[in-house]
Amino acid sequence: MSEQKNSYTFEDLIECAKGNLFGPGNAQLPLPPMLMFDRIVTINDNGGLYGKGEIVAELDVKPDLWFFACHFKGDPVMPGCLGLDALWQMLGFFLGWMKAPGRGRALGVGEVKFTGMIVPTVRKLTYHVHLKRVILRKLVLGIGDGFVHADGEQVFEVSGLKVGLFQDAAPAAAAG
């Protein structure tokens, strides 16, 4: 297992997506294009709004990102669900970083508010998850609130993000 760090490069995130960062059967990020951030700039277990941990990640927005071409033709905007997924990805990563075993699964969200749009002229997204509760027992669960900023302006606010890690969440066998 990799030593615990407080920031992660894109290369580190790809190693996590391949299952190499937290070990086999443990938290993984999705591979691109579903990996929704380029780096984790801060991760700790005592910061954030509630003093229980935080994780901050960034995405360099490029006009040729895959979703702009199809959502919507002539009116490109990043789907809100992808920003929400980024926050879930980060929360699962946090639980893996805390050395909790199991595969990550998004379990829910309380409320999502969109106050702006992410369009191809945006240069950088900053995602911030503030942990409200972290359970690291037989039940592994992270609950937090998240924010998405586009070039410094808040565009999403999410409360009650929930992600769990499950040891029996083995990948489905390949069909065939």
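Residues numbered from 1 in each chain as written. Predicted model: local features only at pLDDT ≥ 70, side-chain atom pairs only at ≥ 80, totals over all residues. Heavy atoms only, no water.

S.K.: Got a minute to help me understand the overall build of the chain in this structure?
M.R.: Helix and strand content of the chain: two helices and seven strands. Starting at the N terminus, the α and β elements of the chain follow one another as α-β-β-α-β-β-β-β-β. Dimensions of the chain, computed from the C-alpha atoms along their principal axes, are close to 45 × 45 × 30 Å. Out of the 176 residues belonging to the chain, those deemed buried represent 47%. In the chain, the share of contacts with a sequence separation of at least 24, taken over all contacts with a separation of at least 6, comes to 67%. Of the side-chain charges in the chain, 17 are positive and 18 negative, and the distance between the mean point of each set is 7 Å. (Helix = DSSP H or I, 4+ residues; strand = E, 2+ residues; numbered from the N terminus. Buried < 20%, exposed > 50% of the residue type's maximum accessible area, 1.4 Å probe, protein only. Contact = heavy atoms within 4.5 Å. Lys, Arg positive; Asp, Glu negative; His and termini not counted. Charge placed at Lys NZ, Arg CZ, Asp CG, Glu CD.)

S.K.: Would you mind going over the side chain of Gln89 with me for this structure?
M.R.: Structurally, Gln89 is set in helix α2 (residues 80-97). You can call Gln89 buried: its relative accessible area is 8%.

S.K.: What exactly am I supposed to notice about α2 here?
M.R.: Think of an α-helix as 3.6 residues a turn; residues three or four steps apart then line up on the same face. Between the first and last C-alpha of α2 there are 26 Å, a value that for 18 residues agrees with the 26 Å anticipated at 1.5 Å per step. Across the 18 residues of α2, 16 count as buried, placing the element largely inside the fold. Where α2 ends, the next residue or the one after it, Lys99, has phi of about 70°, a positive value. (Expected span 1.5 Å × (residues − 1).)

S.K.: Please explain helix α1 (residues 10-17) as it appears in this structure.
M.R.: Looking at α1, one finds that the buried residues are Asp12, Leu13, Ile14, Cys16 and Ala17. Along its buried surface, α1 packs onto β1 (39-44) and α2. A positive backbone phi angle near 85° is found at Gly19, which sits one or two residues after α1.

S.K.: Looking at this model, I keep getting lost on a nonpolar patch on the surface. Mind explaining?
M.R.: On the surface, Val109, Val112 and Phe114 cluster together to form a nonpolar patch covering roughly 230 Å² of accessible area. For Val109, a relative accessible area of 31% translates into the label partly exposed. (Patch = residues over 30% accessible without salt bridge, like charges linked within 9 Å, V, L, I, M, F, W, Y side chains within 5 Å. Areas by Shrake-Rupley, 256 points an atom, 1.4 Å probe, with all protein chains shown as cover. Salt bridge = Lys/Arg side-chain N within 4 Å of Asp/Glu carboxyl O.)

S.K.: How do you make sense of the side chain of Glu58 when you look at a structure like this?
M.R.: Positionally, Glu58 belongs in strand β2 (residues 54-60). Accessibility expressed as a relative area gives 13% for Glu58, which makes it buried. Among the polar contacts made by the side chain of Glu58, one reaches the side chain of Arg39 at a distance of 2.8 Å. A polar contact of 3.4 Å, which involves the side chain of Glu58, links it to the side chain of Lys124. For Glu58, the residues in contact, after removing those within four places along its chain, are Phe37, Asp38, Arg39, Val41, Lys124, Leu125 and Thr126. (Polar contact = N/O pair within 3.5 Å; in protein donor to acceptor, adjacent residues only side chain to side chain.)

S.K.: What should I look at first to understand the state of the cysteines in this one?
M.R.: Disulfide: a covalent bond connecting the sulfur atoms of a pair of cysteines. In this structure the tally under the stated criterion is zero disulfides. Free of any disulfide, Cys81 has its nearest neighbouring cysteine sulfur in Cys70, separated by 10 Å. (Disulfide = S-S within 2.5 Å.)

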